[in-house]
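# Summary of structural features
Residues per chain, in single letters:
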Amino acid sequence: MTDVRLEAGEQAPAFSLTDQNGSTVSLGDFAGENVIVYFYPAAMTPGCTTEACDFRDNLNSLKSAGYQVIGISKDAPARNKEFQEQEGLNFPLLSDEDLAVHKTYGAYGEKKLYGKTVEGVIRSTFVVDPDGSLRLPLYNVKATGHVASLRKKLGIDA
């Protein structure tokens, strides 16, 4: 369990993880760019599919506004590859099977699920500025409508 909650202005924790193609992707690869890093509980589940497809459908306009998108889950790279192919996802899906990066970002811990307290992945999104600092840490986001809400917070016209 984690009590970590990152705050705006803090340096985003560095990471290097394996993507759906078996390549290593690091946050540092995106130095000098705005990056949206989002944590999702499990590939090919209804909420995660809704959220991923929402990012997919908005990727061109997000990129036009200067943002890259990275998804991170505890799924194995092969599962993320299947998810990418099934849904036509057009951004990296990174595998954090030991949950180390989830915990560093505070995206794993106690949460409410159907009225019960459970331990698991906390659906979270982090906007990282070009200098590597956190502009917007968002915890317990809803899968449906999240990208529209994020666009509004970032001042991107829908």
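Quick note: structure is the one above.
Throughout what follows, the structure given in this document is the object of discussion. Given the structure is predicted, the values throughout are model-derived calculations rather than measurements.

## What to know about the pairing of strand 4 (residues 67-73)
Counting buried positions along strand 4 gives six out of seven residues, so the element sits mostly inside the fold. Pairing analysis gives six bridges linking strand 3 (residues 34-39) to strand 4, with the strands arranged parallel. The residue of strand 4 that forms the bridge with Asn34 is Tyr67. With helix 1 (residues 46-64) bridging strand 3 and its parallel neighbour strand 4, the resulting β-α-β unit is right-handed. Inspection of the sheet shows strand 4 paired to strand 5 (residues 93-95) by three bridges, in the parallel sense. Among the inter-strand pairings, Ser73 is bridged to a residue of strand 5, identified as Ser95.

## Observations regarding helix 4 (residues 146-154)
Taken together, the buried positions of helix 4 are occupied by His146, Val147, Leu150, Arg151 and Leu154. Buried residues of helix 4, viewed axially, fall in a sector of 135°; they line one side. Contacts made by the buried residues of helix 4 are with strand 3, helix 1, strand 4, strand 8 (124-128) and strand 9 (134-139). Two residues or fewer after helix 4 comes Gly155, characterised by a positive phi angle close to 75°.

## Some remarks on helix 1
Under the 1.5 Å per step criterion, the end-to-end length of helix 1 is 28 Å for 19 residues, consistent within 8% with the ideal 27 Å. At Asn58, helix 1 is bent by approximately 55°, the largest bend along its length. Buried within helix 1 we find Cys48, Thr49, Glu51, Ala52, Cys53, Phe55, Asn58, Leu59 and Leu62. Looking at the packing, one finds that the buried side of helix 1 touches strand 3, strand 4, helix 2 (77-87), strand 8 and helix 4. Backbone geometry just after helix 1 places Gly66 at a positive phi near 95°.

## Overview of the nonpolar core
One broad rule of soluble globular proteins: the nonpolar side chains tend to lie buried together. Counting residues in each nonpolar core, the largest one holds 24 residues, and the members touching the most others are Ile36, Phe55 and Phe91. Of all the secondary-structure elements, those providing two or more residues to this core are strand 3, helix 1, strand 4, strand 9 and helix 4. The leading source of residues in this core is helix 1, at five residues.

The rules behind the values
Chains are numbered independently. Their residues run from 1 in the order of the written sequence. Owing to the predicted nature of the model, reporting of local features is limited to residues with pLDDT of at least 70; listing and counting of side-chain atom pairs is limited to 80 or more, with chain, interface and lining totals taken over all residues. In computing side-chain properties, one takes all heavy atoms of the structure into account and sets aside hydrogens as well as water. Each residue is placed in one exposure class: buried if its accessible area under a 1.4 Å probe, protein chains only, is under 20% of its type's maximum, exposed if it is over 50%, and partly exposed if it falls in between. Numbering goes from the N terminus for both helices and strands, where a helix is a DSSP run of H or I of at least four residues and a strand is a run of E of at least two. By the convention used here, strands pair only if DSSP detects at least 2 bridges between them. A clockwise path from the first strand over the helix to the second, with the strands pointing away from the viewer, defines a right-handed crossover. Think of it as the arc spanned by the lines of direction from the helix axis to the C-beta atoms. The contact criterion used is simple: two residues touch if any of their non-hydrogen atoms lie within 4.5 Å. For a helix, the expected span equals 1.5 Å multiplied by the number of residues minus one. Axes are fitted to the seven residues ending at a residue and to the seven starting at it; the angle between these axes is taken as the bend at that residue. Here the nonpolar core consists of buried residues drawn from Ala, Val, Leu, Ile, Met, Phe, Trp, Tyr and Cys, with membership extended through side-chain atoms lying within 4.5 Å.

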